[in-house]
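One letter stands for each residue in the lines below.
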Amino acid sequence: MQFGTFQTLNGNNAFSRYKVVAHASDALLQDKLVKLTDGIASDLIVGDLVTATGAKAAAAADIAFVMVEPAFAGDTAIVVANPVHVIISKLGIEFNSMNETAVIEKLEDLGFTFTDYDTVALRTT
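Quick caveat, the model's predicted, so the values are computed rather than measured.

1. Looking at the overall build of the protein
In step 1: Of the regular secondary structure elements, the protein holds one helix and seven strands.
In step 2: N-terminal to C-terminal, the α/β element order of the protein is β-β-β-β-β-β-α-β.
In step 3: Counting only residues that meet the buried cut, the protein has 38% of its 125 residues in that class.
In step 4: For the protein, the proportion of contacts with a sequence separation of at least 24, taken over those separated by at least 6, is 68%.
In step 5: Of the roughly 7100 Å² of accessible surface on the protein, a fraction of 53% belongs to carbon and sulfur atoms.

2. Quick notes on the environment of serine 42
In step 1: Checked against the element boundaries, serine 42 lands in the loop between β2 (31–35) and β3 (49–50).
In step 2: Residue serine 42 is classed as partly exposed on the basis of its relative accessible area of 36%.
In step 3: When the C-alpha atoms of serine 42 and glycine 54 are compared, they prove to be 9.2 Å apart, with twelve residues separating the residues in sequence.

3. Side note on the pattern of salt bridges
In step 1: By the definition in use, this model includes one salt bridge.
In step 2: In this structure, lysine 56 engages aspartate 48 in a salt bridge whose closest nitrogen and oxygen atoms are separated by 3.9 Å.

4. So, the sheet that holds strand β1 (residues 21–24)
In step 1: The three strands lie next to each other as β1-β6-β7, forming an open sheet whose pairing is mixed. The sheet terminates laterally at β1 and β7 (113–115), the two strands that pair on one side only. When the angles between neighbouring strand axes are averaged without regard to direction, this sheet yields 30°.
In step 2: Pairing geometry for β1 and strand β6 (residues 86–89), over three bridges, is antiparallel. Bridge pairing in β6 links valine 21 to isoleucine 88.

What counts and what doesn't
Residues numbered from 1 in each chain as written. Predicted model: local features only at pLDDT ≥ 70, side-chain atom pairs only at ≥ 80, totals over all residues. Heavy atoms only, no water. Helix = DSSP H or I, 4+ residues; strand = E, 2+ residues; numbered from the N terminus. Buried < 20%, exposed > 50% of the residue type's maximum accessible area, 1.4 Å probe, protein only. Contact = heavy atoms within 4.5 Å. Areas by Shrake-Rupley, 256 points an atom, 1.4 Å probe, with all protein chains shown as cover. Salt bridge = Lys/Arg side-chain N within 4 Å of Asp/Glu carboxyl O. Pairing = 2+ DSSP bridges. Axes fitted to C-alpha atoms, helices over the stretch in contact; angles between N-to-C directions.

As structure tokens, then:
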């Protein structure tokens, strides 16, 4: 990342965890596997906001998870960020024409902490 812009220097950032995870307090607990009863309908990239069923969220109220690993149509499990152990980069979130303020508020309600160039959000004890 350089000056707030993701550059695809070593591949496609849509598949890179660092796109959305700014800091992880625990390398093992930074994400969690969510098993779904039905396969997902479409491919998901890192930073996508998804519902509890694995579909891309269309409204902020529907958001249940933030993707940290890509998933492909038909997959019955997704890997999502654990809000307790990660700090999310706002630059990596795929808002998909949703209201940014409403999305941030919903993610904060889910327990996520954010960082950007104006804020440093490191949890301390």
